[in-house]
Amino acid sequence: MKIDLTDTTSSKINAGLIQARRAIGTPAVGMVLTLVIVTDEGSAYDSLKAATEASKEHPSRILVVVKRPGRSPRDRAMARLDAEVLVGSEAGTGETVMLRLHGELANHAESVVLPLLLPDAPVVVWWPDDAPPNAAEDPLGRLAQRRITDSSASEDPVAALGHRAESYSPGDTDLAWTRITPWRSMLAAALDQKHSKITEAVVDGEAYNPSTELLALWLADRLGVPVERRVSDGPGITATRLSTADGDICLDRADGRLAELAMPGQPDRHVALKRRETSELIAEELRRLDPDDIYRSTVQFGVKHLISNPGGAETVKPDGTVKPADKAPATPAKKAAAAKKAANAK
């Protein structure tokens, strides 16, 4: 069921939610949290679609906050709230409220959101696009137990990691970190099978990919060994190699879907390691509401040194310092491009 409310208030929106639930015969509220999405018109549809999919695992009241401050002085001086209330099959397993804040009201989104939060339920705020420099100090961020950002959506992803490190507060997380959960799980499982001392590591991935940077930082922080960060053509992270006295443990994913795990003394095997949808990432983050100490330790471990060499090849040392590589190894695609260029020059 859908209810359109123009030039409305938070109290009228609450009344609309009750009316919609009664109309479809589900007056009981069975939602476990409130998910607040702060985005713009261009990203609202995709963000809401991902959140609706995630609500199948975590029934939620989803509040989509779209700020429209206006361009002209007249538009900026006005204050109007428009809303769409969705309940039933259109809203997944919970409820959805699209909030469009016009004019001056866009600067006071917390005053609109606060009356719409589920009572005695956790609050999670998600910024799919550009997040505030300090999410915990943002007026909407102060309402939440969990704050989700995505540095990969920023214009400068590596600098965004620096902001996340400097402004970290318990409850902060980033989808660039969530994306490497399968990599961390697979590498940890491999080390459980092979009890050998790691001497060094290599991580291959796209330039300016924050997930690649975080995986390198995590390995350097956890293992206490130098980790070389190499640039590849992607997609995303393409390979990780851990060097031991018995040989290399290599996890190679060239196509973004299927990876090959090679370990000393064992046959090579294929493992599923596909790049996940945003809805899967959000569902994973909603499973926990406590602070992620491993994320905090990783994002604060030497991340300030990455900014001096954004997106380039480097080596992360055990003390957290980063040494830019002299030259990244050429990938097959780069070698082919260089050969073509040389042939054309003749």
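This structure is a prediction, so every number in the text was calculated from the model and none was measured. (Residues numbered from 1 in each chain as written. Predicted model: local features only at pLDDT ≥ 70, side-chain atom pairs only at ≥ 80, totals over all residues. Heavy atoms only, no water.)

Participant: Can you break down the packing of aromatic side chains residue by residue, with the values?
Facilitator: Evaluated as defined, the whole model comprises 2 aromatic pairs. With a centroid separation of 5.8 Å and 55° between ring planes, the pair formed by W177 and Y295 is classed as tilted. With W177 in helix α6 (residues 175-178) and Y295 in helix α10 (residues 293-299), this residue pair connects regions lying 118 residues apart in the sequence. The burial state of W177 is the same as that of Y295; both residues are buried. Clustering of aromatic rings is evident, with ring pairs tying together Y168, W177 and Y295. (Phe/Tyr/Trp six-rings, centres within 6.5 Å; stacked < 30°, edge-to-face > 60°. Helix = DSSP H or I, 4+ residues; strand = E, 2+ residues; numbered from the N terminus. Buried < 20%, exposed > 50% of the residue type's maximum accessible area, 1.4 Å probe, protein only.)

Participant: How would you explain helix α2 (residues 41-54) if you had to name every residue and give the values?
Facilitator: In this model α2 runs 20 Å from its N-terminal to its C-terminal C-alpha over 14 residues, within 8% of the 20 Å that 1.5 Å per residue would give. For α2, the full list of buried residues reads S43, A44, S47, L48, A50, A51, T52 and A54. Buried-residue contacts for α2 involve β2 (33-39), β3 (60-68), β5 (95-103), β6 (123-126) and α9 (278-285). (Expected span 1.5 Å × (residues − 1). Contact = heavy atoms within 4.5 Å.)

Participant: Describe the pattern of salt bridges, with residues and values.
Facilitator: Under the criterion given, the structure shown has 22 salt bridges. Across the pair D172 and R147 runs a salt bridge, and its minimum N-O distance is 2.6 Å. You can see D172 sitting in strand β8 (residues 172-174) and its partner R147 sitting in strand β7 (residues 146-149), a full 25 residues away along the chain. Assigned by exposure class, D172 and R147 land together as buried. One salt bridge in this structure joins K274 and E280, with 3.1 Å as the shortest N-O distance. For K274, a relative accessible area of 43% puts it in the partly exposed group. Members of the salt-bridge network, linked through shared partners, are K2, E41, R68, E84 and R100. (Salt bridge = Lys/Arg side-chain N within 4 Å of Asp/Glu carboxyl O.)

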